[in-house]
Amino acid sequence: MHTDYRFLAPDNKKQSRSCSCATPQAIGNLTNINHTPELELLFSPKLKHMAVLKILEYPDPRLRKKAAVVEAVDNAIKKLVEDMLETMYQAPGIGLAANQVNVQKRVIVIDISETRDNPLVLINPELITSGQDVKGEEGCLSVPGYFEPVTRKDRVLVKALDEQGSKIELNADGLLAVCIQHENDHLEGKLFVDYLSSLKRSRIRRKIHKTPQGGH
Ligand SMILES: [Zn+2]
């Protein structure tokens, strides 16, 4: 499987702009979750009620559905957030939108920390992008195994609710800004492959059809 270490290599100038809601197995080699203390903590007994959800894969038409506004951050939404976090950590990925697990609600989870213990939950996010256009490699848990350059803005102001239903406001740049934009696109039914040429997109679609990946 393709491994992309660029966005973790601090000495590589290209890396800081790379984003992916899929992770290159780079983040701590989390594929081997049973041997990772941090993740054993995450899967401790008190969290056993959490569930790993099935991630839809491109070109599944359900990924194209627009997500609806969350009316109330109730127990069902809190459970969804917990399940999405577990799904993202196990995948492993650095971001996941509810559409990817076939729930059409405006909920995003992100964790770009190397220690995998700093989750960010954005419910009903509203984005204002600014700054420069930057090009970086992106991947997606719904397009497993593919990393392609996408141009995004390098700064974003996001207003949202957190997992408790409290209003939050966040200024992000770099990798986090790119990830927020990537995940927010999912809520609109948009995928990173939409930024690619139709030739490249159909090539990816053909290859995904031929070789099922991702273990889902
Ligand atoms: Zn994605």
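The model shown is predicted, which means the values in this text are computed figures rather than measured ones. (Residues numbered from 1 in each chain as written. Predicted model: local features only at pLDDT ≥ 70, side-chain atom pairs only at ≥ 80, totals over all residues. Heavy atoms only, no water.)

1. Regarding the overall build of the chain
This is how the line gets drawn: Helix and strand definitions follow DSSP, with helices as H or I runs of at least four residues and strands as E runs of at least two, each counted in order from the N terminus. Only protein chains enter the accessibility calculation, which uses a 1.4 Å probe; a residue is then buried when its area is under 20% of its type maximum, exposed when over 50%, and partly exposed in between. Contacts are residue-level and defined by heavy atoms, with any inter-residue pair within 4.5 Å sufficient. For the area figures, the Shrake-Rupley method with a 1.4 Å probe applies, and any residue is considered shielded solely by the protein chains shown.
Helix and strand content of the chain: four helices and five strands. N-terminal to C-terminal, the α/β element order of the chain is α-α-β-β-β-β-β-α-α. Here the chain, with 216 residues, has 49% of them falling under the buried criterion. Counted over contacts in the chain with a minimum sequence separation of 6, partners at least 24 positions apart contribute 67%. Accessible surface for the chain amounts to roughly 10800 Å². Of this, 51% is attributable to carbon and sulfur atoms.

2. Notes on helix H3 (residues 174–187)
Helical geometry note: an α-helix holds 3.6 residues per turn, so side chains three or four residues apart project in the same direction. Let me state the cut-off plainly: Helix span, expected: 1.5 Å multiplied by one less than the number of residues in the helix.
Spanning 14 residues, H3 covers 21 Å between terminal C-alpha atoms, matching the ideal 20 Å at 1.5 Å per step. Among the 14 residues that make up H3, 14 are buried, leaving the element largely enclosed by the rest of the structure. Downstream of H3 by one or two residues, Gly189 has phi in the positive range, about 80°.

3. So, a positive patch on the surface
For the record, the criterion: Any residue with relative accessible area above 30% and no salt bridge may belong to a patch, with like charges joined within 9 Å and the nonpolar Val, Leu, Ile, Met, Phe, Trp and Tyr side chains within 5 Å. In the sections that follow, a salt bridge refers to a side-chain nitrogen of Lys or Arg positioned within 4 Å of a carboxyl oxygen of Asp or Glu. Here the positive residues are Lys and Arg and the negative ones are Asp and Glu; neither His nor the chain ends is included. A charge is said to be at NZ when it belongs to Lys, at CZ for Arg, at CG for Asp and at CD for Glu.
A surface patch of like charges, here positive, comprises Arg203, Arg206, Lys207 and Lys210. Residue placement: Lys210 occurs in helix H4 (residues 198–210). Exposure remark for Lys210: the relative accessible area of 70% places this residue in the exposed category.

4. Thoughts on the sheet that holds strand E2 (residues 107–110)
To be explicit about the condition: Two strands qualify as a pair provided DSSP detects at least 2 bridges between them. Here an angle of 0 to 180 degrees is reported between the N-to-C directions of two axes, which are lines fitted to C-alpha atoms, with helices fitted over the stretch in contact.
Spatially, E1-E2-E3-E4-E5 is the arrangement adopted by the five strands of the open sheet, whose pairing is antiparallel. Both outer strands of the open sheet, strand E1 (95–97) and strand E5 (167–173), are each paired with one neighbouring strand and no more. Sheet twist, expressed as the mean angle between neighbouring strand axes with direction ignored, is 40°. Relative to E5, strand E4 (residues 143–161) runs antiparallel, the two being bridged by seven bridges. The residue bridging Leu161 from the neighbouring strand is Lys167, located in E5. Strand contacts of helix H2 (residues 75–90): E1, E2 and strand E3 (120–140), with the helix running at about 40° to E2, the strand carrying the most contacts.

5. Some remarks on the pairing of E3
Note that E2 and E3 share four bridges and pair antiparallel. Opposite Ile108, over in E3, you have Leu122 as the bridge partner. Inspection of the sheet shows E3 paired to E4 by 13 bridges, in the antiparallel sense. Across the sheet, Ile123 pairs through a bridge with Leu161, a residue of E4. Counted between consecutive antiparallel strands, the loop separating E3 from E4 contains two residues.

6. With respect to the confidence of the model for the chain
Going by this rule: Confidence of the predictor at the level of single residues is given by pLDDT, which spans 0 to 100.
On average, the chain scores 83 in pLDDT, and the residues at 70 or more come to 75%. In this model residues 1–19 is a low-confidence stretch, pLDDT under 50, and it forms 45 contacts with partners more than four residues away in sequence or in other chains. Considering only residues more than four positions removed or in separate chains, one finds that residues 24–41, a stretch of pLDDT under 50, has 29 contacts.

7. Observations regarding the nonpolar core
Going by this rule: For our purposes a nonpolar core is just a set of buried Ala, Val, Leu, Ile, Met, Phe, Trp, Tyr and Cys residues, chained together by side-chain atoms within 4.5 Å.
Of all hydrophobic cores here, the largest spans 19 residues; its most connected members are Ile77, Val81, Met84, Leu96, Val107, Val109 and Ile123. Among the secondary structure elements, those contributing two or more residues to this core are H2, E2 and E3. If you tally residues by element for this core, the top one is H2, at seven residues. For Val81, the contacting residues outside a window of four places in its chain are Val107, Val109, Val121, Ile123 and Glu163. Grouped together as the second largest cluster of nonpolar side chains are 17 residues, Ile94, Val156, Leu176 and Ala177 included.

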